[in-house]
Amino acid sequence: MFDVETIRKDFPVLERQVHGRPVVYLNSAATAQKPRVVIDAISRFYETCNSNVHRGVDALSEEATEAFESARARIARFVGADPRGLVFTRNATEAFNIIAYSYARPFLGPGDILLSTQMEHHANIVPWQLVQPLAGFDLRFVPVTPDGLLDLEAFDEIVATGRVKLFTVTHMSNVVGTINPVAELAARVRAANPEAVVAVDGAQSVPHMPVDLLALDADFLCFSGHKMCGPAGIGALAGKPELLDRMPPFLGGGEMISNVTLEGTTFNEVPYKFEAGTPATAEAVGLGVAVDYLSALGMADVRAHEVELLGAALPALEAVDGVTVHGPHDPEDRGAAISFAVEGLHPHDIGTIMDREGVMVRAGHHCAKPLVRVLGAAATTRASFYLYSTAGEIGALVDAIEATKRFFDR
Ligand SMILES: Cc1ncc(COP(=O)(O)O)c(C=O)c1O
């Protein structure tokens with residue numbers, strides 16, 4: 001049974017007061033809070049078996065390696081991936097950089113199109129811009145309509161060229177919440193070019209809904225631990241092992257080698273080929289416990305809870321005079337990150353005054369400047385919900401917006 005009041009007791013930080021009021025944390029799209037089991041797992045790792053993984057023959061090293069590899073297996077299962085295709089990274093950003101430097105750069109060239117979209121976080125734009133001059137492919141972006149949806153006619157036109165060799169798209173927008181029909185888009189890309197590869201930004205979807213690499217028909221899935229109840233500093237690139245196998249390494253150094261002589265190096269098997277250096281071990285273990293926690297709650301129930309919150313939050317916000325909500329209006333079509341504008345007020349002013357009311361939201365471009373420009377703004381205010389968010393917090397959000405309007409005499 002999904003009981004949000006019981007769940008909240010798992011998150012120590014939610015007991016805090018801010019400016020003399022209970023904290024109303026509506027910034028989970030930026031980073032999620034951590035349950036006690038994750039915090040404890042990290043301490044326990046350091047207290048009981050801290051050692052370097054894959055290196056020692058001693059008991060501590062064996063235990064650390066076992067904890068690390070068990071976390072990999074559980075995280076892989078969580079997203080329907082083969083553990084051999086689950087590369088630990090620092091975050092989603094690093095996962096995209098691996099695809100850019102180890103796939104786009106060596107496998108795409110002049111005449112090929114790398115197709116991204118205008119809806120993306122900078123993590124799914126800038127890496128392609130960095131490698132484009134080195135590889136010579138055409139970098140194109142699917143436009144976004146003012147209501148926050150991909151322009152599918154424009155998508156189809158680009159795809160019809162048959163030249164799209166890498167298509168990359170966010171599963172769930174961190175700004176407008178839009179859930180994209182990834183499997184359907186992937187099918188269209190593959191129909192026009194059977195050699196095409198599909199990369200998915202799961203940074204917002206993996207924490208909030210059931211996600212399965214194969215059901216998405218994706219070759220790569222990038223996500224970050226800190227947005228899904230895990231620690232910062234750990235994330236993953238989930239991919240098909242045979243594809244990762246064909247790719248050259250990204251970073252060089254220890255762990256990723258099979259043999260080294262001064263004349264040259266042979267590389268380790270996947271996923272280790274992409275994990276140079278000592279990994280963020282306690283963080284990986286912590287993320288393993290975070291996915292256990294999410295799995296025990298049930299991702300379908302997490303999603304259902306957020307859909308219910310959206311069903312209350314969207315009309316409540318729209319009922320406030322002067323408020324415009326960006327993105328889809330049907331809760332089923334979107335995630336729980338809600339960007340909005342308040343007529344005559346700057347998002348940073350809104351965020352600052354709301355903080356005084358104990359309500360934490362995010363104001364800015366949310367690392368998605370091209371998308372925010374489509375909305376006709378330089379910035380938005382964003383309230384984002386998670387599994388521990390409550391209907392009462394929606395009320396607090398609306399009250400804080402009203403208080404902000406009064407403060408600025410609007
Ligand atoms: C949709 C999306 N993609 C990618 C990222 C990048 O995540 P990270 O900064 O953890 O690498 C974020 C973070 O906000 C995001 O929301």
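Provided above is the structure to which this section pertains.
Residues numbered from 1 in each chain as written. Predicted model: local features only at pLDDT ≥ 70, side-chain atom pairs only at ≥ 80, totals over all residues. Heavy atoms only, no water.

**Q** Even after reading the chapter, I still don't get the pattern of salt bridges, so can you show me in this structure?
**A** Two side chains that carry opposite charge are able to pair once their charged atoms sit near each other. Within the structure shown, the criterion is met by 15 salt bridges. A salt bridge links R72 to E69, with the shortest nitrogen-to-oxygen separation between them at 2.8 Å. Of this pair, R72 and E69 both sit in helix α3 (residues 59-78), 3 residues apart, which is roughly one turn of the helix. According to the relative accessible area criterion, R72 is buried, its value standing at 2%. Each of R190, D217, D219 and K240 takes part in salt bridges that share partners, so that together they form one network. (Salt bridge = Lys/Arg side-chain N within 4 Å of Asp/Glu carboxyl O. Helix = DSSP H or I, 4+ residues; strand = E, 2+ residues; numbered from the N terminus. Buried < 20%, exposed > 50% of the residue type's maximum accessible area, 1.4 Å probe, protein only.)

**Q** Can you walk me through the sheet that holds strand β8 (residues 197-201) in this structure?
**A** Strand-to-strand pairing in sheets goes through backbone hydrogen bonds, with the strands running parallel or antiparallel. Here 7 strands make up an open sheet; going across it, the order is β4-β10-β9-β8-β7-β5-β6 and the pairing mixed. Strands with a single pairing partner mark the edges of an open sheet, and in this sheet they are β4 (86-89) and β6 (138-142). Looking at each pair of strands side by side, their axes are set apart by 20° on average, direction ignored. Judged from the 5 bridges that link them, strand β7 (residues 164-170) and β8 form a sheet pairing that is parallel. Opposite F167, over in β8, you have V198 as the bridge partner. Sheet contacts for helix α4 (residues 92-107): β4, β5 (113-117), β7, β8, β9 (220-224) and β10 (235-239); angle to β9, the most-contacted strand, approximately 155°. (Pairing = 2+ DSSP bridges. Axes fitted to C-alpha atoms, helices over the stretch in contact; angles between N-to-C directions. Contact = heavy atoms within 4.5 Å.)

**Q** Is there a simple way to think about the site of the ligand in this case?
**A** The full set of residues close to the ligand is N91, A92, T93, H121, N174, D201, A203, Q204, S224, H226 and K227. Contact distances for the ligand include 2.6 Å between a nitrogen atom and a side-chain N or O atom of D201. Taken by itself the ligand offers 390 Å² of open surface, and the protein chains cover 89% of this. Along the lines of polarity and charge, the residues of the shell around the ligand split into 2 nonpolar, 7 polar and 2 charged. (Near = heavy atom within 4 Å. Polar contact = N/O pair within 3.5 Å; in protein donor to acceptor, adjacent residues only side chain to side chain. Areas by Shrake-Rupley, 256 points an atom, 1.4 Å probe, with all protein chains shown as cover. Nonpolar A, V, L, I, M, F, W, Y, C, P; charged D, E, K, R; others polar.)

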